[in-house]
Amino acid sequence: MVHIAVLDTYIDSGKRERKNGKKVYHYKIKRKKVILDRKRKKGKQLNHGTICYQILSDNTRDLNYVLHCIEVIPSNGKKGNIKNLIIALEWCLENNIQIISLSIGTRDVLDGEQLKPIIDKLYKNGVIIIAAFNNSYTMTYPATFDNVIGVCVDANEGFLTNTYTYIENNNIGIDVIVQYNLKNTEEIMGIHIGQYNSYAVPLMTSKILRMKIVAPYISSRNVRYYLKNLAQENRKV
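What comes next is a walk through the structure. Keep in mind that what you see is a predicted model, and the values were worked out from it rather than measured. (Residues numbered from 1 in each chain as written. Predicted model: local features only at pLDDT ≥ 70, side-chain atom pairs only at ≥ 80, totals over all residues. Heavy atoms only, no water.)

**So, the side chain of asparagine 47**
Next up, step 1: Looking at where asparagine 47 falls in the secondary structure, it is placed in the loop between strand E3 (33–36) and helix H2 (48–58).
Next up, step 2: For asparagine 47, the side chain forms a polar contact with the main-chain oxygen of tyrosine 10, separated by 2.9 Å. (Helix = DSSP H or I, 4+ residues; strand = E, 2+ residues; numbered from the N terminus. Polar contact = N/O pair within 3.5 Å; in protein donor to acceptor, adjacent residues only side chain to side chain.)

**A word on helix H4 (residues 109–124)**
Next up, step 1: In this model, H4 (16 residues) spans 22 Å end to end at C-alpha, consistent with the 22 Å of a helix rising 1.5 Å per residue.
Next up, step 2: Largest kink in H4: about 35 degrees, centred on leucine 115, with the proline proline 117 one to four residues after it.
Next up, step 3: Every buried residue of H4 is listed here: Asp111, Gly112, Leu115, Ile118, Ile119 and Leu122.
Next up, step 4: Close packing links the buried residues of H4 with helix H3 (82–94), strand E5 (99–102) and strand E6 (128–132).
Next up, step 5: The backbone nitrogen of leucine 110 lies 2.8 Å from a side-chain oxygen of the residue at the head of H4, namely aspartate 108.
Next up, step 6: Downstream of H4 by one or two residues, glycine 126 has phi in the positive range, about 85 degrees. (Expected span 1.5 Å × (residues − 1). Bend = angle between axes of the 7 residues up to and from the residue. Buried < 20%, exposed > 50% of the residue type's maximum accessible area, 1.4 Å probe, protein only. Contact = heavy atoms within 4.5 Å.)

**Here we look at the pattern of salt bridges**
Next up, step 1: Going through the model one piece at a time under the given rule, you end up with five salt bridges.
Next up, step 2: For aspartate 58, the salt bridge identified is with arginine 61, shortest N-O distance 2.7 Å.
Next up, step 3: Judged by relative accessible area, which is 37%, arginine 61 ranks as partly exposed.
Next up, step 4: Measuring nitrogen to oxygen at the nearest pair gives 2.7 Å for the salt bridge that ties lysine 116 to aspartate 120. Of this pair, lysine 116 and aspartate 120 both sit in helix H4, four residues apart, which is roughly one turn of the helix. (Salt bridge = Lys/Arg side-chain N within 4 Å of Asp/Glu carboxyl O.)

**Description of the nonpolar core**
Next up, step 1: By size, the foremost hydrophobic cluster in this structure holds 42 residues, and its most contacted members are Leu67, Ile130, Val151, Met204 and Leu227.
Next up, step 2: Sequence-distant contacts of valine 151, that is, excluding residues within four places in its chain, are made with Ile130, Ala131, Ala132, Phe133, Val176, Val178, Asn197, Ala200, Val201 and Met204.
Next up, step 3: Ile73, Ile82, Ile100 and Ile174 belong to the second largest nonpolar core, which has 36 residues in total. (Core = buried A, V, L, I, M, F, W, Y, C linked by side-chain atoms within 4.5 Å.)

Next comes the structure, spelled out in structure tokens:
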């Protein structure tokens, strides 16, 4: 079974995790270690991580997989600690996670330099990392790295809904442009979800998960080949 890790804010999966029949584990970082969050409070928290979780869940209802949710950013603030992200990524390497979904990132070059060694290790071990660019479409780490699938949303809405287009030789490292329609998720959560790069990541993660389930041999080393060949010309006429 495929194991996915979502690294984000606190994720309130609530009753949805039981309803969807997925096995979901929640973790937090304490004293520089990733630990199982056994005492987490289940409440209605409509934060960034919860929205990303819901998008992924809504697009994988028919799939069986194990989801590991790691809180690396405090829910009461937008800024995280790069050290916590590195700790979480190292945990993913040690615990045989196969796909990492990152709707977060940093524009700080020094942070990028700290991230590079663990990103390289994950890549060498076959782990597929999908990461978002910032909404200004500038250099974002780890999304801009060559061994990470960098994702952004089709802000101009020039592509067909819930499709992706694979790009090569982009100056800042964008690999995939995603067009999405999240009306179902919006109805479930009772909110409006705009066009943001971070929310394109869980949708792209769901597509790569489907590939991985059908073809378990897909890894970081060959996923770009399959993304390119399975992408279609999705521009609106």
